[in-house]
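Residues per chain are reported as follows:
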Amino acid sequence: MPKEVQRKLIEAISSCKEPGLIILEAPMGCGKTEAALLAAEQLAYQTKRSGVFLGLPTQATSNGIFPRIKDWLQRVHEETHEKMELRLLHGKAYLNEEYVNLTRVKRSDADESGEDSAFAVNEWFSGKKTAIMDDFVVGTVDQFLLTALKQKHLALRHLAFAKKVVIIDEVHAYDAYMSQYLQMAIQWMAAYGVPVLLLSATLSESSRLELTKSYLRGLSVDHIYGWIERFSGEGICKKTGEDSSDREIDG
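Described in the following lines is the structure provided in the data block. The written sequence of each chain sets the order in which its residues are numbered from 1. Local features are withheld for residues below a pLDDT of 70 in this predicted model, meaning they are given only at 70 or higher, and side-chain atom pairs are given and counted only at 80 or more; totals for whole chains, interfaces and linings count all residues. The basis for every side-chain value is the complete set of heavy atoms in the structure, and neither hydrogens nor water enter the calculation.

1. Examining the pattern of salt bridges
A carboxyl oxygen of Asp or Glu within 4 Å of a side-chain nitrogen of Lys or Arg is what we treat as a salt bridge. Under the counting rule described, the total for this entry stands at 10 salt bridges. Taking the shortest distance from any N to any O, the salt bridge between Glu98 and Lys70 comes out at 3.6 Å. Of this pair, Glu98 sits in helix H4 (residues 97–103) while Lys70 sits in helix H3 (residues 59–80), and the two are 28 residues apart along the sequence. Exposure is judged per residue with a 1.4 Å probe applied to protein chains only, and the accessible area is read against the type maximum: over 50% gives exposed, under 20% gives buried, and values in between give partly exposed. With a relative accessible area of 29%, Glu98 lands in the partly exposed category. Linking Arg208 and Glu205 is a salt bridge whose minimum nitrogen-to-oxygen distance equals 2.4 Å. Here Glu205 and Arg208 lie together in helix H9 (residues 205–218), a separation of 3 residues that amounts to about one turn. Helix and strand assignments follow DSSP, with helices taken as H or I runs no shorter than four residues and strands as E runs no shorter than two, numbered in order from the N terminus.

2. Section: the packing of aromatic side chains
Centre distance within 6.5 Å is the pairing criterion for rings of Phe, Tyr and Trp, where only the six-membered ring of Trp is used; planes under 30 degrees apart are then read as stacked, over 60 as edge-to-face, and the remainder as tilted. Here the structure, examined in full by the defined rule, presents 7 aromatic pairs. A centroid spacing of 5.2 Å and a plane angle of 65 degrees characterise the contact between Tyr177 and Tyr181, whose relative ring orientation is edge-to-face. Taken together, the residues Tyr177 and Tyr181, both in helix H8 (residues 176–191) and 4 residues apart, mark about one turn of the helix. Here the aromatic cluster, defined as three or more aromatic residues joined through ring pairs, consists of Phe53, Phe144 and Phe161.

3. Some remarks on the environment of Asp142
Counting through the fold element by element, Asp142 comes out in helix H6 (residues 142–145). In this structure Asp142 comes out as partly exposed when scored by relative accessible area, which is 36%. Note: C-alpha distance between Asp142 and Tyr181 (39 residues apart in sequence) is 9.4 Å.

See below:
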């Protein structure tokens, strides 16, 4: 059975005509990751996205969550029978044994063996510039922040994210310098209509508003009108405008 935070998150997304920025706040152990994966499926369906990017602060946290993403895609494959292209993307991904074993199985080899493998590896995406183009990518958050920098092949990176649902974990862990690039990258995602899901155990009111403003700027909205929703382990809080106070909404 889904936990309360997962149920409320899916209900809120399902009720949105054009889901955009979602901030999920909940303490450890509340099932944020599982909720995010359920939300990614729903967001991909509603916005017609074909992949997911999950960004984490460090290589260690990326390695730690990679098996869970693999298991999730395995379950999706059992329902859809579609091949999943999964990639671990950071500087030392080649040292991750589980990922290395996954890359050793080529699409042609799996087809010839007749095994019902959930995963397919496209060698074209193994290049430094093209790896982010793969459908499902788990990596360090800098892969996402690079969309805010002027660099070579930037259009290719933007194209890669334009087709994905973007999930950024542990948003509270980023310093002021990284947060500036995060806000700029989120603004680009809004311009492409990309749904962005931000996960955090706790996030200050000012940080939440700055992230929301960045997404709205990407939508060419100058002020925060209507309402902003955020989720916590205790329920859903609704905020109207920039100066009004939060009030609890019964689940």
